[in-house]
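# Summary of the model geometry
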Amino acid sequence: MSILADDSSDAGSMPGQSRLESYLFSCELSSEVPFYTFQADEDEDLEHFLELRTVCLGEGAKEEYNVIEVTAMNYQGKKTSVPVASLHISRLPMVSLGGFELMAPVTLRLKSGTGPVTISGMHLVASENDESDLSDDEEELEEELEPIKPAKKKQKL
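Residues numbered from 1 in each chain as written. Predicted model: local features only at pLDDT ≥ 70, side-chain atom pairs only at ≥ 80, totals over all residues. Heavy atoms only, no water.

## Concerning unusual backbone geometry
Stated formally: Think of it this way: any DSSP run of H or I at least four residues long counts as a helix, any run of E at least two long counts as a strand, and we number them from the N terminus.
For the bond from A104 to P105, the omega torsion is 5°, close enough to zero to count as cis. In this structure, P105 sits in the loop between β6 (94-103) and β7 (106-112). Of note, the amide linkage connecting G115 to P116 takes the cis form, showing an omega dihedral of 0°. Along the chain, the position of P116 falls in the loop between β7 and β8 (117-128).

Here it is in structure tokens:
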């Protein structure tokens, strides 16, 4: 899918193009909560993406390796699990994933270690614009642009 609009911007989007809304995403994994599943709403007109940006160890992390694994669908529709970060408090406490984008559903799992590990990024929601999604400004503009009718002339007697 090609995303045509800017983050959280409806201005200037044309019918037939995608509209993109972005929201901050964050979750914390630990030995008490070792996984998190990001799921989409059941709305057919929307596509949900999770764009992972950073993975970092939290306060109280131990001297151990913390491996974070992501499970998502591949292009064939099969679940695939991939380790995306291996963190250690004294060697590599944080890693930038630089916009690792996945389509929902996505499961994030603390495969080894006790954490806490914070994963942050953006929740992206893409929808197709159509003629019925005109904003109030566009509707007002259309109302103002009604055709001008010629004035009626008075006849002289």
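Having seen the structure, we can now continue with the description.
## Let's talk about the side chain of H48
Applicable threshold: For the purposes of these results, a polar contact is taken to be a pair of N or O atoms within 3.5 Å, where, inside protein, one atom must be able to donate a hydrogen and its partner to accept one; residues adjacent in sequence count only when each atom of the pair is a side-chain atom. A contact between two residues is defined here by any heavy atoms of the two lying within 4.5 Å.
Position of H48 among the secondary structure elements: in strand β3 (residues 46-57). A distance of 2.9 Å separates a polar atom in the side chain of H48 from a polar atom in the side chain of H123. What H48 contacts, discounting residues up to four positions off in sequence, is F38, A40, D41, L102, M103, A104, H123, L124 and V125.

## Examining the sheet that holds strand β4 (residues 65-73)
Selection rule: By this definition, two strands are paired if DSSP reports at least two bridges between them. Angles run from 0 to 180 degrees between N-to-C directions of axes, and those axes are lines fitted to C-alpha atoms, restricted for helices to the stretch in contact.
Strand order in the open sheet made by the four strands is β2-β7-β4-β5, with antiparallel pairing throughout. The outermost strands of the open sheet, each flanked by one partner alone, are β2 (35-38) and β5 (79-88). Ignoring strand direction, the axes of neighbouring strands in this sheet form an average angle of 20°. Note that β2 and β7 share four bridges and pair antiparallel. By the bridge assignment for β7, Y36 is matched with L108.

## Re the environment of E64
To keep things clear, this is the line we draw: Throughout, exposure labels follow a simple rule: accessible area from a 1.4 Å probe, protein chains only, divided by the maximum for the residue type, with under 20% read as buried, over 50% as exposed, and the rest as partly exposed.
Mapped onto the fold, E64 is located in the loop between β3 and β4. Taking relative accessible area as the criterion, E64 reaches 21% and is therefore assigned partly exposed. Spatially, the C-alpha atoms of E64 and T114 are 8.2 Å apart, while their sequence positions differ by 50 residues. Contacts of E64, omitting those with residues within four sequence positions, involve L87, H88, I89, G113, T114 and G115. A polar contact of 2.4 Å, which involves the side chain of E64, links it to the side chain of T114.

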